[in-house]
Amino acid sequence: MLDGVLFFPVTPFDADGEVDYDRLAEHVERGVAAGPGGVFIACGTGEFHALGLAEFTRIVRCAVDVVAGRVPVFAGTGGSLVQAKEFAAAAADQGADGLLLLPPYLVTMPPAGLVAYTTQVAAQTNLPVIVYNRANAVFDEQAAVEVAALPTVIGLKDGTGDLDTMARIVGAVTDSLVGSGKEFLFFNGLPTAEITQQAYRAIGVTLYSSATFAFAPELALAFYHSLESGDTALTDDLLRTFFHPLVRLRNRVPGYAVSLVKAGVTLEGIPAGSVRAPLVDPSPAHLDELAAITAAGRAALAGAMAAEVGA
């Protein structure tokens, strides 16, 4: 159902802090035209945490209309159990193809409670569900096996970076589904996932979310294809010139994993506005750094393409 680079759009806001649906449509269209394997609307990069139900509903409808069936559209849901059910139902009503289940707010829960939460949200609709293993919603092997057995749960996205546990989850879930005929997907969901994707591929996790695709799709696609083709020279060059510097900048301020992406969209010509509190926008100096980092990545890619033509 999903392959290639996965596109996580931002949610543009206007000068009054309201959702700018025209800019959202433009952003989604430009991203889909670049060739992702799927669109994940109103998720982490889309500031799901800051959206009301009415806004979310219209955002999902906008994305579904713009994408028009070209690739699957997954929508975020999560928060309290009641909220997660409401958002899941709204996404289904608006034509989404699936859900990404984000962690419940604040509370730390045992794996059995996480299984119960997932089971109840998944029962709200018939949409395929991808669960997000991160923050306060951490699965162990048994919990992952239990949710993988749910009819509509089709994947697990890891944002913990714990490769030891994740490798065991991949093995346990895969073994548990032998003979069932069910395909189950595993994703690398760490911020700027390209940095860790080589390690994730080694444990059988080939899918990943790319925030970079939202503002520099050609760099995201080039990196993905370099991994797929085994072009380690280009992989290393893009990591050195673009992805590693981007992560160094991202790590300077909490929330920059979203704020920098949104700023990047604006730098590329689609005014995306500010992030909503409690996130903060990048400083002018950091915006200059982002522009320079993006230019360096594009220069590296152009050099690689020129070398290939001349070879």
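Here the structure is shown first, and the text comes after it.
Residues numbered from 1 in each chain as written. Predicted model: local features only at pLDDT ≥ 70, side-chain atom pairs only at ≥ 80, totals over all residues. Heavy atoms only, no water.

Asks: Can you tell me about the overall build of the chain, naming the residues and giving the values?
Replies: Helix and strand counts for the chain stand at 11 helices and 8 strands. By the compact-globule yardstick of 19 Å for 311 residues, the chain fits well, its C-alpha radius of gyration being 19 Å. The buried share among the 311 residues of the chain stands at 55%. Pairs at least 24 residues apart make up 73% of the contacts formed inside the chain by residues separated by at least 6 positions. A total of about 12600 Å² of accessible surface is found on the chain, and carbon and sulfur atoms cover 57% of it. Charged side chains of the chain number 18 positive and 33 negative; the gap between the two group centres comes to 2 Å. (Helix = DSSP H or I, 4+ residues; strand = E, 2+ residues; numbered from the N terminus. Rg over C-alpha atoms; globule rule 2.2 N^0.38 Å. Buried < 20%, exposed > 50% of the residue type's maximum accessible area, 1.4 Å probe, protein only. Contact = heavy atoms within 4.5 Å. Areas by Shrake-Rupley, 256 points an atom, 1.4 Å probe, with all protein chains shown as cover. Lys, Arg positive; Asp, Glu negative; His and termini not counted. Charge placed at Lys NZ, Arg CZ, Asp CG, Glu CD.)

Asks: Account for helix α4 (residues 111–122), naming residues and giving values.
Replies: The α-helix advances 3.6 residues per turn, and as a result positions three or four apart in sequence lie on the same side. Its 12 residues place the ends of α4 16 Å apart at the C-alpha level, agreeing with the 16 Å of an ideal helix rising 1.5 Å per residue. Where α4 is concerned, the buried positions are Leu-114, Val-115, Tyr-117, Thr-118, Val-121 and Ala-122. Buried residues of α4, viewed axially, fall in a sector of 160°; they line one side. (Expected span 1.5 Å × (residues − 1). Arc of directions from axis to C-beta.)

Asks: Help me get a handle on the sheet that holds strand β8 (residues 207–210), residues and values and all.
Replies: Sheets are built from strands paired through backbone hydrogen bonds, the pairs being either parallel or antiparallel. With respect to topology, 8 strands assemble into a closed barrel ordered β1-β2-β3-β4-β5-β6-β7-β8, the strand pairing being parallel. Strand direction decides the pairing type here: strand β1 (residues 6–7) and strand β2 (residues 38–41), joined by 2 bridges, are parallel. When the sheet's bridge partners are listed, Leu-6 is paired in β2 with Gly-38. In the packing of helix α2 (residues 53–67) onto the sheet, contacts are made with β2 and β3 (73–77), and the angle to β3 comes to roughly 170°. Packing of helix α6 (residues 163–176) onto the sheet brings it into contact with β6 (153–158) and β7 (185–188), and relative to β7 it is tilted by some 170°. (Pairing = 2+ DSSP bridges. Axes fitted to C-alpha atoms, helices over the stretch in contact; angles between N-to-C directions.)

Asks: Talk me through the pattern of salt bridges; I want residue IDs and the actual numbers.
Replies: A complete count under the given rule lists 13 salt bridges for this structure. Close ionic contact of Asp-237 with Arg-240 constitutes a salt bridge, the shortest N to O distance being 2.2 Å. Separated by 3 residues within a single helix, Asp-237 and Arg-240 lie in helix α9 (residues 232–250), roughly one turn from each other. Judged by relative accessible area, Arg-240 falls into the exposed class, the value being 54%. The partner of Glu-268 in a salt bridge is Arg-298, and the shortest N-O contact between them spans 3.1 Å. (Salt bridge = Lys/Arg side-chain N within 4 Å of Asp/Glu carboxyl O.)

Scope: geometric values only; no functional claims are made or implied.
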